[in-house]
Amino acid sequence: MANRRLSCGLDVCYVPDLADSLHSATFAGYDFVAAPIIHPRNKRELLHGKAKERQNPLTRSDIVLSGQDWSNLVVAKFSPYLDVDSKNDNVRQRSQRALEQEIQYAAHLGVPAVMLPPLFGWQPNLARYVYSRVKAAAMFQGSFQIWVRIPMQAPSHFGKEWLHRSNGNDSSDDPDDYGEDTWQWWHFFRSICDTHRKVGVALELASDLPVEEVIARWLGEPVRCLIVPTSIFLTNRKGFPVLSKPHQAVVQRFYSQDTQMLITGNVRHHDIKLYQQYMDFLWQNQPPEDLVTKFARGYEDYLQCPLQPLMENLEAQTYEIFEKDPVKYTEYQKAIYHAILDKVPFEEKDTKILVLMVVGAGRGPLVRAALRAAESADRRIKVYAVEKNPNAIVTLLSSKVEEWGDSVTVVSSDMREWDPPEKADILISELLGSFGDNELSPECLDGAQKFLKDDGVSIPESYTSHISPIQSPKLHCEVKVCKERDRGLRLGNAFETPYVVRLHNKVELAPPVPLFTFNHPNMDKVIDNTRFKSVSFQIDIDSVLHGFAGYFNTVLYKNIVLSIVPKTHSHGMFSWFPMYFPIRNPINLVKGCNVEVHFWRRVSTRNVWYEWCVTQPEVTTIHNINGKSYTIGL
């Protein structure tokens, strides 16, 4: 929390003096104001009538604030009466011209964001206009975020108040035509805008909160700002504003997404600053971040290509990051300790020497774990540290000279090609990737198991990949903007590549299910590491499928397990982020439908790759057919 702070703004409805209003808001502790860009009395006719010929200025001059204040401290609100989807031609055309004036003036001012009037139902013409503006950003001054104001949940019955706030005119549209799922309004709007990354949500809380599934779905959307009305605040015994416990929980969940806050409404307590102080109090009293969250700070939703350790030698910084994990090597040491005890009974502890082979030793963390385990077990061992990276061999040899001595033999070789002088009792490796087998642990260990005695033990002894369907417009946009120079991919192939990513702005649409399992040592007469499996998920809420999250868990030895599956995640472990398997075109899902997906693991003499496709509720093409966009080199 030390390097993060709350961003909280104040919604000001009537602004006779913007500079004075801004000064008052910042003095009260607010970081920005949301203010009307046009004075309410300057309602323009634009088509005909006396007002069209008026010579008065459209709105306040840009010189009332400095350019820095405009670009950092003001969110421009568009006029509430604009209705570009009106069935009345005059109203629609007048609104379109007024909206064009306002957006051009906002671009002139250089504001960081503009906020549309509250969205009400399906508004395709407004969405088309917004999309045309963000696509043509290079053709006019400025490039700002567009916030679409939407209630988290519509009232059970749309009253005149919300209708007035939403339309600002005498619209004859029947609100019952739209349904009451406001997320559907947003989804309709952003779909027309092609899920553009500059179009986000200004989500308004109400006194009544929706069910958990609805809240979780909003947490997967690009919510730029959470609007908190003063009317939902309670008053505590000392007369200060507070939120109910459920509202506090919702606010803090959006805090975890670094969402900005916006206080709106009349002052119902002693001073407007009390609301900001309370929101800051909630920010400061969030539950402490765990080690994984601290480690991943700054990497949320950042796409990374998976490592290919067989094709590329890892750098020192990569080794260093992995070696800092406080959980992984502790669990490995525990697994090695129990395996040693099982292999050497007490009466043989002084005479029997176990042979341990660490394959893919890196810079030696597993070698150290093995030596510590043997010391704790009071057993004698001999360790072979096998590593193909010549740069890591330098570190291993230094550690042998300075620390390990004759108890460790360092071998500079690919494990698949090495001819050992003796066989191992325990074979130890850390070749697992974010999807379990995606760094070719099966191929490596199948090639190395010839080192193992007939009764030998492999640590890990098995691992299983898991997948779950996710909704994440953020990740879909990130894949869409991949460039060849950034990812080594053509744009058309970006959706056929799996990524390692710290999943953050997403919603899991169904719990993860197991996919592929590998066991070691592999006792099959004919070893075949290709896999195929079909899995199905039931969807409990209207949503959008953007791809699949990939996880894994591994059994190191007996009941000692490491996992990145959300419900069984090894607490404090950060060595692996999940995988993300995108789909080219998002699929609309309705409550109660099934999502059926098919995954293949394909193997050739030179490469391994994944293929995937969806067949329910829609059929997609097979992604990455024949490894055309992504392979893992053997």
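The model shown is predicted, which means the values in this text are computed figures rather than measured ones.

Scoring rules and cut-offs
- Residues numbered from 1 in each chain as written.
- Predicted model: local features only at pLDDT ≥ 70, side-chain atom pairs only at ≥ 80, totals over all residues.
- Heavy atoms only, no water.
- Helix = DSSP H or I, 4+ residues; strand = E, 2+ residues; numbered from the N terminus.
- Expected span 1.5 Å × (residues − 1).
- Buried < 20%, exposed > 50% of the residue type's maximum accessible area, 1.4 Å probe, protein only.
- Pairing = 2+ DSSP bridges.
- Right-handed = clockwise from strand over helix to strand, strands pointing away.
- Polar contact = N/O pair within 3.5 Å; in protein donor to acceptor, adjacent residues only side chain to side chain.
- Contact = heavy atoms within 4.5 Å.
- pLDDT = per-residue confidence, 0-100.
- Core = buried A, V, L, I, M, F, W, Y, C linked by side-chain atoms within 4.5 Å.
- Axes fitted to C-alpha atoms, helices over the stretch in contact; angles between N-to-C directions.
- Salt bridge = Lys/Arg side-chain N within 4 Å of Asp/Glu carboxyl O.
- Phe/Tyr/Trp six-rings, centres within 6.5 Å; stacked < 30°, edge-to-face > 60°.
- Lys NZ or Arg CZ within 6 Å of the ring centre and 35° of its normal.

**Section: helix α13 (residues 365-377)**
Its 13 residues give α13 an end-to-end C-alpha distance of 18 Å, which sits within 8% of 18 Å, the value for a rise of 1.5 Å per residue. Listed in full, the buried residues belonging to α13 are Pro365, Leu366, Val367, Ala369, Ala370, Leu371, Ala373, Ala374 and Ala377. Asp378 sits one or two positions beyond α13 and adopts a positive phi of about 60°.

**What about the pairing of strand β2 (residues 32-36)?**
With 5 of 5 residues buried, β2 is to be regarded as a mostly interior element. With burial as the criterion, each face of β2 is covered, one bearing Phe32, Ala34 and Pro36 and the other bearing Val33 and Ala35. In the sheet, strand β1 (residues 8-11) pairs with β2 via 3 bridges, with the strands oriented parallel. When the bridges of β2 are listed, Leu10 appears paired with Val33. The β-α-β motif built from β1, the intervening helix α1 (residues 18-27) and the parallel element β2 has right-handed crossover chirality. Bridge count for β2 against strand β3 (residues 74-77) is 4 bridges, and the pairing is parallel.

**Re the sheet that holds strand β26 (residues 632-633)**
Strand order in the open sheet made by the 4 strands is β20-β24-β25-β26, with antiparallel pairing throughout. Edge positions in the sheet fall to β20 (531-538) and β26, since each has one partner strand and no second. Examined bridge by bridge, strand β24 (residues 594-603) and strand β25 (residues 607-616) share 8 bridges and lie antiparallel to one another. Along β25, the bridge assignment pairs Arg602 with Trp609.

**A word on the side chain of His598**
Among the secondary structure elements, His598 is positioned in strand β24. According to the relative accessible area criterion, His598 is buried, its value standing at 12%. In terms of polar contacts, His598 uses its side chain to reach the side chain of Ser534, at 2.5 Å. If we skip the residues at most four places from it in the chain, His598 touches Phe532, Lys533, Ser534, Glu611, Trp612, Cys613 and Thr615.

**Side note on the confidence of the model for the chain**
Looking at the chain, pLDDT values average 87 and 90% of them are 70 or higher. Ranking the helices and strands of the chain by mean pLDDT puts β20 first, with 97, and helix α17 (residues 484-487) last, with 44. Under a pLDDT of 50 for its full length, residues 168-178 has, in the predicted model, 16 contacts with residues more than four places off or in other chains.

**Let's talk about the nonpolar core**
Membership of the largest hydrophobic core comes to 106 residues, with the highest contact counts inside it found for Ile340 and Leu356. Sequence-distant contacts of Leu356, that is, excluding residues within four places in its chain, are made with Ile336, Ile340, Ala370, Ile381, Lys382, Val383, Tyr384, Ile426 and Ile428. Counting 79 residues, the second largest nonpolar core, distinct from the first, contains Ile103, Trp183, Val251 and Tyr278.

**A look at the environment of His269**
Within the secondary structure, His269 sits in the loop between β10 (260-264) and α9 (273-284). Between the C-alpha atoms of His269 and Gly239, which are 30 residues apart in sequence, the distance is 7.6 Å. If we ignore the near neighbours within four places in the chain, the residues touching His269 are Phe233, Leu234, Thr235, Gly239, Phe240, Pro241, Leu274 and Tyr275. Here Tyr275 takes part through its side chain, which lies 2.8 Å from a polar atom of the side chain of His269.

**What about the pairing of strand β11 (residues 353-359)?**
In terms of burial, β11 is a largely internal element, 6 of the 7 residues being buried. Relative to strand β12 (residues 380-387), β11 is paired through 7 bridges, and the arrangement is parallel. Opposite Ile353, over in β12, you have Arg380 as the bridge partner. Read from β11 through α13 to β12, the crossover connection turns out right-handed. Judged from the 4 bridges that link them, β11 and strand β14 (residues 424-429) form a sheet pairing that is parallel. Bridging across to β14, Val358 finds its partner in Ile428.

**Overview of the sheet that holds β14**
In space, the 5 strands of this open sheet follow the order β13-β12-β11-β14-β15, with parallel pairing throughout. Both edges of this open sheet fall to β13 (408-412) and β15 (452-459), since each of them pairs with a single strand only. Here the strands of the sheet are splayed against their neighbours by 20° on average, with no regard to which way each runs. With respect to the sheet, helix α14 (residues 390-404) is in contact with β12 and β13, its orientation differing from that of β13 by roughly 165°.

**So, the pattern of salt bridges**
Scanning all chains against the criterion turns up 27 salt bridges. Across the pair Glu100 and Arg133 runs a salt bridge whose closest N-O atoms are separated by 3.8 Å. Pair noted here: Glu100 is in helix α3 (residues 89-109) and Arg133 is in helix α4 (residues 124-135), with a separation of 33 residues, a long-range link. Taking the relative accessible area as the measure of exposure, Glu100 reaches 25% and is therefore partly exposed. Among the residues examined, Arg133 registers a relative accessible area of 17% and is labelled buried. In this structure, Lys558 engages Asp342 in a salt bridge whose closest nitrogen and oxygen atoms are separated by 2.7 Å. Separated by 216 residues along the polypeptide, Lys558 in the loop between β21 (543-557) and β22 (560-563) and Asp342 in helix α12 (residues 328-343) bring together distant segments of the chain. Note on Lys558: relative accessible area 53%, which makes it exposed. Assessed through its relative accessible area of 44%, Asp342 is described here as partly exposed. Each of Asp11, Lys77, Arg149 and Glu204 takes part in one network of salt bridges that share partners.

**Quick notes on the packing of aromatic side chains**
Under the defined criterion, the tally for this structure stands at 20 aromatic pairs. An angle of 80° between the planes, with centres 6.1 Å apart, marks the rings of Phe233 and Tyr278 as edge-to-face. Note that Phe233 is positioned in the loop between β7 (223-229) and β8 (234-235) and Tyr278 in helix α9, a separation of 45 residues in sequence. The buried category is assigned to Tyr278, whose relative accessible area is 9%. For the pair Phe581 and Trp612, a centre-to-centre distance of 5.1 Å together with 80° between the ring planes defines the contact as edge-to-face. Of this pair, Phe581 sits in strand β23 (residues 579-589) while Trp612 sits in strand β25, and the two are 31 residues apart along the sequence. Like Trp612, Phe581 is buried. Among the aromatic residues, ring-to-ring pairing joins Phe435, Phe548, Phe581, Phe599, Tyr610 and Trp612 into one connected group. Lys328 extends its terminal NZ or CZ atom over the ring of Trp576, reaching a point 5.0 Å from the ring centre.

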